[in-house]
Structures are given as structure tokens and as C-alpha cells.
Amino acid sequence: MIYVWFSPIEQTPDNIKASPIPKSPKSPSNIISSPTSTEEIHLYRILGNDLPPRHKAGQVLKNVKFILENEPKFHNTKKWWILNRIIDNEYENALIDLLKQYGQDYVRIPFVIEEYLKYDFRLEDFPEPDFFHSYEYMNFSKVAKLRTIDYSYHDKNLYAMNNNGGRNAALAHGKLQPNARWIFPFDGNCFLTTNAFTEIMTQIERWGKDYKYFVVPMARLLNNTQLLVGPDTRPQTPEEPQIIFRRDSEEKYNENMRYGRRSKLEMLWRLGVPSPRKILNKPPVPWESHDAPYFSPPKNKYKMIGWVFRLFSGQASQEVHKREASALRAFNRLLAIQDFLDGIDEKIARTTQGFDANRLFLYDEKSLNQARLHYWRGDEKITKIVNVMLDRADTMSLDAANWYSSANGLPIDASTQVKILQLKTDPSPALLEDERRNKETNVDDVYQQQEEVIKSNDSASIEQDVMLDEEQNHVITNESQQQSAENSATTGLNETATNNNVFPSSSGEEKPKKYIGIEEDEFGRFVSNTPVPLPNVSTSELFENITTLAFAHHFSGNVRYSRWAANLIRTFILSSYGVGEQDELQVTAYNTDFEATNDEGYSFPHLNKIPRTVPKFNKIGAKFPSDLLETDPSFFLDSCRLLYRVRALTHKEFIELRQFASIWLERLINNPESIGRSREPDHRGTLYDIQVTTLAGFVDDVRLYLRIISRTRMRIGKHFYIANDASLSSHMSQPYEIIFVNNLIERSKLLPIQHESATFKYTTLNLQYWMILTRIIQNVRIGLDLWQYTAKDGQRLSRAMMDHLGKHASKLDNDLLRPLIHIAQAAHQASDTKRGIWHEHGDEHDYFQHFLKNIGSKMNLFGKNSLNSDQEDIILERKRIDKSVGLGEEARQRGVPPFWIILNLLFKEEN
């Protein structure tokens, strides 16, 4: 008989399906009878999922086969198998096929994704908000930290592992069987020998009328073959025992005790089984369940009988009866549980929810495409913004072309396509020798060399869109950038002045200019063979320029913009930090030495299956720009996605960009300085979460992405404070932003008179970062919404926004508030749409509409300038417009993404 079990509590006829089971010739034929007992036994084994590193992968399947092949048939005993929420359908089918092969009956408890998604992490039960970034947590031992994190998985663990739920399902199923007298809800890897079963039944025959519960001590095996070659005698049984229930027993397993948290021990204690003193004397932490009254041991309800073997888990170091093995077993069990649950979340995100690392994160895909359609059909508002975009893109591409031309002596204009430049990294003897030879090279030799290069490049395999010279493999350090910038006035390519750089041909036609150290392929693209310096540009400004050019191409279709965006990426990122040809991939793996495990930041507990390569630097001592710690990468990464879609970046270049992002991400989550920033309870911590969230998404590390967007919610209760005094207003403040401003004043970086304006600036900046993070999660469409998440004391982003706007209502014309209001309204609308909320008069929707109406007349970006305006007025107006659309230094300091206004103007128009 095959049963499909839909509930661990009750079973209805509609949920039962039956089919004939063929008898297997391989099953053991000998039947072992008990001395005199006629009471029917129902022996259940509860099969769960493999949990590496606690178990070896595939161990459940191996042990089931071992039991089927070698365990005797027992008299008057019915064997059942509980398939307890096996996640992998193929693995579950393999188990079912094996059971069918041996004619076994089983009960299936299915894993239902829709049910699992109803359970969230427990984030608000700790002593203080944002506990994982607290000093108290930081001072925990590694095991204590792991147990604390394990608690946050409590509800997910209860459903997915269903540890005590599976045991109770076996109990309930057994009591439904008409002739059952004794029910054995054993773990799936338990094995009974002939003598072990005989001893159990002898004791049940003797004591069965007096006791409803029998406790069977257990021995661990290091090798299953011990059962086949060794004597069948009583072993030492120091391990946690199994429990046998009489049909009329009242006790059940506590289903609120999750796997890894004394799930069976709590039941044993209720029966009166002595527990280790160290456990009884150790009170549970405040956030854990207090279901067991440890201070008053109960009256004994059990009898200890027989023994049972636990088959090998596949991890020998964890099975020996030693204190070290017990500690390692407990640590790896917690690691395995969290890794298993993270794996479920990743699988659902990829296969069910459609996670796509190439999807735009910050900018909404649909809105961006709609804005482009509005531009193409001549929408006046969108056209004005796009015209600003194109104007700035023209300026950027022209400036870039001028720099390439002046730095390299190249005949480049704004429409030129270039390959990776060989950048000057240091004044090494080899580089100096190359420069000396370049200066001494004969012009005819140069001409001949370049003729050969052009011929060698004549290959049909070279596509016009392929702009990367794969032979280049250079790393530039931050120090060398500065040194190169200082020497830029004296470093460069020397052009030959002979005949004005024009070579007469034999046919009398003029040959094109030739440049020393410059190669030109058949597509007219140039690459420098001589190291050149890079200009000094901040990372945030570079990202802004690339984003502007990428957006300009998206709206106009002009390939000139996408080419120059890609050129900047090649020169400033791939040439500087590109890893070139890398054959080795380093993937984070398990570390069984938990004392050596890093326990800081988001990387703990370590994610063993990161699909992220960690490339090696080719240059010893290479450094990352320090301003990356303070740079928001979200809009830049979206621009890279856009460029890759239109083939402005090759696949290899895009992979190298991901490697660059991987290095950046590794530094953020492992570097002590970065981890220190992650603990800051102000805008710096929020920016950190934006960085690691978007970088994890870009490199397709779904597990890390999901971990961050879950834990970031814990910050809300820390960042925002509601006074407990009932006599005070319920105004929500940001105390840590005030502390940040006070520290700036104490360090003489601000004047005391600037306190109010600085507080407004940084509280607004923090909310701006929160809105960006909220919109990212909403656009990715995976993970619970931040907008309406409510902390333990009632803090909520939507309420924080309304309080902030209400407090600063007199500053609605301030450029800081305009983008914040519009982005918050978009977040609010997206949240309501997802939840299917209909708006009522006076709700948050009306509140935001009120502010949008008040600032509507102040969103005119293009004032009526007089034709007689002087140059200074024109410059000021240009800066004002740039700041309004999210360009320029001031916009970057305020956390405003480039061209946020396009999507929000469209949003306002359609809603």
C-alpha cells in the first residue's frame, strides 16, 4: 500500500491512494519471531534529506538499501517508511523506486512550495534591534553565533525539516492501523539486528502492561559492515535513544522544537529520561522556546530496553564517541541545516520566482521601456529629460575622445571604437626598455610591422562588435594611477614628424598616418602597445558617465554612446583590474575546522556553494580604489547589463566585469574595514547593504542576495526610533544620524551652526538609500517587501517617510526631498499593487498624493532663461538641471541615482 500523507495530524480517505507492490526476490526471507508476543508491531523509519556536511551526499539512499538488503523480517511486524518532505523530486523518486523494488509500504509527506513560502525568518525576537550587527553578538563564540542565526530559521526549519512533525505523523498513522499495538517511530538510519529486536520484544512482553513508553538506547556505527561480520551482541549505547509508543499513549513530540534544537531530547525529558547535567544546568537563551520546565524533572514514565544501531552517516570524524566529535557533529548539523534551507530558497528563487542576474535591479524594466516609447512618440516631458541626457552624453563622449587622442596620439573622434589600452602600471625596467625601443624604432620598420599586423588581423572570426583585445592582461594599482597622473605631462606616445607623418606609396597615393606603438585592425580600431597614464577620476563619477552614455544609447539608438560607455569600462575597469586569461576557478568550500572559520559579517555562516569565481591578481600588490567603499554600484551595474544586451560589451568582457564585481564583493564582506562599516547604524550601513545586494545579484550569487535582503530588515528597528513616552508625539526619529552629525562637529568637520542642515541632509540621505534598496527588491521581485515591514516596536519605512516629510514640510522645494518623495511614492504604489490593496480616503496613498501635488508645480526643470543671460547664469542653470536629474557631484553626495526622474515622471503621469 502507498499512502500520500497531506497532514501530520489527520488523514482522510480522499488523500489515500493505493497500488499493488511487487514482491522483491532480494528481500531477506528469514522471519525472526519473538518468544511469545502476539502484539502487532508497526516499525516506521522517517527518511529526510541528506544534510552535508553532517551527512555524506547520497547517504540516506545508501542506508535504505543496506537496511532492505540486510535487516531480517520480524514476526508480526509491519515496516513502514516515511518520506518526510524530500526536496529533490528525483531523489525522492529514486527512494520510491527502491522501496517498490523491495515491496515496501511508505507514507509520503510532500514539500509544497506555496506552504513553505508562508514562513519567514525570525528577526525581531532578539534583545536589541539589528542584533547580528551588535557588540553583544560580535563577542559571541562561533558556535553561539551559529546557534543565534539558527534561531532566525526556526519557522522555515519546522516546515522543511519537519523533524518532530514527521515523528508525530508516524504516530498518528500507526494509531490508525486496526491491529497496531506498538509503534516504533524511528529515525531513518536505524537498524535492528535479530538479537536487538528479540531483546526489545522480550522486555515489551514483560513490561508492556505497565509502561506506555519504552526508550531504546543507540550505538553509532563507523562502518555498516560491522553488522554483517561482527557478533550480534549488546554494544555500548551512549547516543541519544529512540522511543517506542503504545497505541494508547498520550504524549506526542513537541512540533515547536526544530531539528538541531533538542527536538527529541525535549520529549525524552518529559518522559523522565535523565539528561546530561551540562544541558540541564544551561538555561536557554532568552529568544529560544521555553516549552520544557527544566527546573522540575517529571516522574518516570518509561522503561529502558534493548538497543538499536545507527548506520554510518558517511562522516567518520563525526561518529566516534568523543567530545570533539560531538562538538563537530553539533556544529556541522547547524551548518547543514542552514545550508539546506538556503539551498531551498535559492532553488525556489531560480526555478519558481525566476531570478535573473541580467535583469535590471535599480531601474524598473517595464517603466524604462515605457519611457523610451514615450520619448519616441514625442512626449514633451520625457523628451526634455532625454535631451539633457543626450547633451551630457555628447559632452562626455567628446571629452573621452579628446583624452584618448591626447594621451595616446590616436586619430580618435567621438565615434571611434577602441580596444583595451595597455596602461602604465609602474616604471619597471621592462617598461622603460619598451619605451626606449619605441623612441629608437625606425619609421619604415614601424610601417612594415603595422602592415603585418593588419594582414594578421584579416580574419572572418573577428566580429565588428568585438572590441576587446584578449591578448591584453594588465592590472593597474591605485598608487600607479596617481603616479601616472603626476607624470602624464611627460609621458605619452611620440609621433614621427617625417613628411608630416604621411608616407608616399608607390602608386603615388598618400598612405595614412602611422603612429609608433599603435596598431590598427581591418575595422579601423586602434590599440596602444605603449603604457599610458589614466586621468584621475572618482569611481562614482566614472559610473555616472558610463550610465549616462548607456542610457543615451537606450533612448536614441545611437551606437556612438554605447561604444564610448564600453570604451570607458575597458579602459578604467577591465584594463585596470581585468584578470585576463584565467583557467582556475576558486569556489568557497566547506571548512570542517570550525575554529578556523571566519564568523564576521554576511559571510557567516559560510555559503559553500557560491557560484562566484574568485580570480587571481596578475600583479602583486595591486590595490582597489578606496572610494569603492563609499560608492553605490547599483546604477552602474544596470548600465553594464544594458550594454551587454546590445553587444557593446562582449560576453568575455561581461564575464570579466563579473569578476571585477566579485573581487569588490569579496572585499566588502571579508575586509575588516568593510565589516566595520556594515555595523554602522546609520546611512553608511544602508549604503553597505545596497552595495552587497546589487553586487551579489550581478555575480549571480542568489544565496548571498537572499541572505542580505532578509537580514537588512533588522536594521529598520535600529535606524528609526519611536519614543515610548505616551505624552510625546509618535514622531519617528533617526538618532544615529544625529550622533553621526555630532561626531562631525566634534572632529571640526562641521560648524555647530550647521547642525540642523546637516541633520536634515543625512536623515534624508539615509531614507534615500532605504528607498533605493526597497525599489531594488521590488524590481527583482524576489524577497519580502521592505516598504511595509514592521519592526518589533512598530517602526516601518512607510511611516518613517511620512514622519520625515511632515517634519520638513516647509522644505518641499528642497532638491533633496523631490527625488525622495517620488521614489517613495513609486515604492508605495509597487507595494500596494503586489498586495492587491485598494486605497481608501486618508490612507498612506492619499498622504503621498498630497505631497506630490504640493511639489508638482516645482518640478519644472527648465526655467525660462533670458537670451541675454551671462555665462555664469548658464553654468549655474546647467548645474541646477544636472542636480535635478541626478547628475553631478552634489547629486552623487545625496545618493540620487542618474535620471531617476524619467521613470518617476512617467509613473506620475500614469497613476
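Residues numbered from 1 in each chain as written. Predicted model: local features only at pLDDT ≥ 70, side-chain atom pairs only at ≥ 80, totals over all residues. Heavy atoms only, no water.

The name that an unreviewed UniProt entry assigns to the protein chain is Alginate lyase domain-containing protein, with the source organism given as Rhizophagus clarus.

Points about the pairing of strand 7 (residues 180–187)
How we decide: Residue exposure (1.4 Å probe, protein chains only): buried if accessible area is under 20% of the type maximum, exposed if over 50%, otherwise partly exposed. A run of H or I in DSSP becomes a helix once it reaches four residues, and a run of E becomes a strand once it reaches two; helices and strands are each numbered from the N terminus. Strand pairing requires that DSSP identify at least two bridges connecting the strands.
For strand 7, the tally of buried residues reaches 7 of 8 residues, placing the bulk of the element in the interior. Examined bridge by bridge, strand 3 (residues 40–47) and strand 7 share 7 bridges and lie parallel to one another. For Arg45, the partnering residue across the bridge sits in strand 7 and is Phe186. The pairing of strand 7 with strand 10 (residues 239–246) spans 2 bridges and is antiparallel. Across the sheet, Ile183 pairs through a bridge with Phe245, a residue of strand 10.

Topic: the pattern of salt bridges
To be explicit about the condition: Salt bridges are defined as contacts in which a side-chain nitrogen from Lys or Arg sits within 4 Å of a carboxyl oxygen from Asp or Glu.
Scanning all chains against the criterion turns up 48 salt bridges. For Asp342, the salt bridge goes to Arg707, with nearest N and O atoms at 3.5 Å. With a gap of 365 residues between them, Asp342 in helix 12 (residues 323–352) and Arg707 in helix 24 (residues 702–711) connect regions that are remote in the sequence. As far as the burial class goes, Asp342 and Arg707 line up, both buried. Among the salt bridges present, the one from Lys883 reaches Glu890, with a minimum N-O distance of 3.7 Å.

What to know about the packing of helix 13 (residues 365–376) against helix 18 (residues 539–556)
Note the following rule: Here an axis means a line fitted to C-alpha atoms, over the contact stretch when the element is a helix, while the angle between two N-to-C directions is reported on a 0 to 180 degree scale. Should an angle fall under 35 degrees it is called roughly parallel, over 145 degrees roughly antiparallel, and 65 to 115 degrees roughly perpendicular, with every other angle called oblique. By definition, residues are in contact when any of their heavy atoms lie within 4.5 Å.
Helix 18 packs onto helix 13 with a crossing angle of 55° between their chain directions and a minimal axis gap of 9 Å. Here helix 13 lies oblique to helix 18, going by the angle between them. For the pair helix 13 and helix 18, contact is made by Leu368, Asn369, Ala371, Arg372, Tyr375 and Trp376 and by Phe551, His554 and Phe555, respectively.

What about the environment of Ala393?
Mapping Ala393 onto the fold places it in helix 14 (residues 380–408). Residue Ala393 is classed as buried on the basis of its relative accessible area, which comes to 0%. In sequence terms Ala393 and Ile546 are 153 residues apart; their C-alpha atoms lie 9.0 Å from each other. With residues near it in sequence (within four places) discarded, Ala393 still touches Thr548, Leu549, Ala552 and Tyr561.

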